[in-house]
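Overview (structure and organization)
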Amino acid sequence: MSDRLAGITAAIDKANAEDPTLENDGAEERPAALLYGQRMSAELDRICPQASELLKIAARGQHIERWKMPRNSYPEGRKAYLAWRRDQAVFHGRRVSELMAEAGYTAEEGARVAQMLRKQGIKRDAEVQMLEDVICLVFLRWYFTDFAADRAPDQVFNIVSKTARKMSEAGRARVAAEFDLPKELVPALSD
């Protein structure tokens with residue numbers, strides 16, 4: 001890992017260590033955003049060890065300081081939810097770009113990472129798509145079970161289906177191979 005990459009990773013982790021929401025990682029409670037960023041990096045390293053430095057930064061910064069714009073600060077409903085997600089992506093891109101500038105990255109490099117974090121080019125840009133695949137795999141591996149626990153079966157199917165639609169064909173194949181999905185959810189991967 002280059003000194004610059006180590007520096008920006010440490011800066012993102014320092015920002016995310018301020019998350020007041022704690023999550024148990026199996027051994028101890030840690031700031032949720034910090035744990036999420038580390039899980040993103042680990043998943044990216046696992047499925048795409050040749051990832052560019054900028055993609056590694058985008059993965060680590062995917063939810064930087066997410067708690068500063070909580071979902072409940074927006075009204076209920078799908079339209080407000082989508083606005084919240086869009087605003088979060090813009091915020092994450094801007095915040096990571098600021099930290100990158102402080103770590104010696106160029107404005108163009110910061111703009112590229114911000115583009116990835118806004119998911120501009122999904123399905124057309126290989127790095128943006130890889131980031132989305134990693135996001136979906138992390139969700140399924142670490143967060144899906146709790147997320148689905150209090151939802152009706154048709155809602156769970158829709159969530160898996162929407163997640164699968166965002167993924168590449170290779171990403172969906174990974175899900176099929178690596179996750180023991182209940183048989184009723186398997187068709188959701190082919191939507």
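Anything mentioned here points back to the structure above.
I will try to describe carefully the structure that is included in this document. Here the structure is a predicted model, which is why all the values come from computation and not from measurement.

**Side note on the nonpolar core**
Nonpolar side chains in soluble globular proteins generally cluster together in the buried interior. Among the nonpolar cores identified, the biggest contains 46 residues, and I57, V113, L131 and F144 are the most heavily contacted of them. Taken together, the elements giving at least two residues each to this core come down to α1 (3-16), α2 (32-47), α3 (53-60), α4 (78-102), α5 (107-117), α6 (126-148) and α7 (153-166). Top contributing element to this core by residue count: α6, with 12 residues. Once residues lying within four places of it in the same chain are set aside, the contact partners of L131 are M40, L55, A58, A59, Q62, M116 and L117. Counting residues in each nonpolar core, the second largest holds 6 residues, with Y74, A83, W84 and F91 among its members.

**A short note on unusual backbone geometry**
Although it is not a glycine, E65 sits at a positive phi angle of roughly 50°. A positive phi is found at K123, a non-glycine position, where the angle reads about 75°. Mapped onto the secondary structure, K123 falls in the loop between α5 and α6.

**Some details on the side chain of Q88**
Tracing the chain through its elements places Q88 in helix α4. Under the relative-accessibility criterion, Q88 is labelled buried at 2%.

**Quick word on the environment of E109**
Summarising the element assignment, E109 is placed in helix α5. In this structure the C-alpha to C-alpha distance between E109 and V96, which are 13 residues apart in sequence, comes to 11 Å. Those residues in contact with E109, other than ones at most four positions away along the chain, are R4, L54 and M100. Of note is the side chain of E109, whose polar atom sits 2.8 Å from the backbone nitrogen of T106.

**A look at the pattern of salt bridges**
Enumeration over the complete set of coordinates arrives at 19 salt bridges. A salt bridge links R86 to D87; its shortest N-O distance comes to 3.6 Å. D87 gets classed as partly exposed once you look at its relative accessible area, which sits at 25%. Among the charged side chains, a salt-bridge network with shared partners connects E43, R46, R141, R174 and E178.

Quick notes on the rules
- Residues numbered from 1 in each chain as written.
- Predicted model: local features only at pLDDT ≥ 70, side-chain atom pairs only at ≥ 80, totals over all residues.
- Heavy atoms only, no water.
- Core = buried A, V, L, I, M, F, W, Y, C linked by side-chain atoms within 4.5 Å.
- Buried < 20%, exposed > 50% of the residue type's maximum accessible area, 1.4 Å probe, protein only.
- Helix = DSSP H or I, 4+ residues; strand = E, 2+ residues; numbered from the N terminus.
- Contact = heavy atoms within 4.5 Å.
- Polar contact = N/O pair within 3.5 Å; in protein donor to acceptor, adjacent residues only side chain to side chain.
- Salt bridge = Lys/Arg side-chain N within 4 Å of Asp/Glu carboxyl O.

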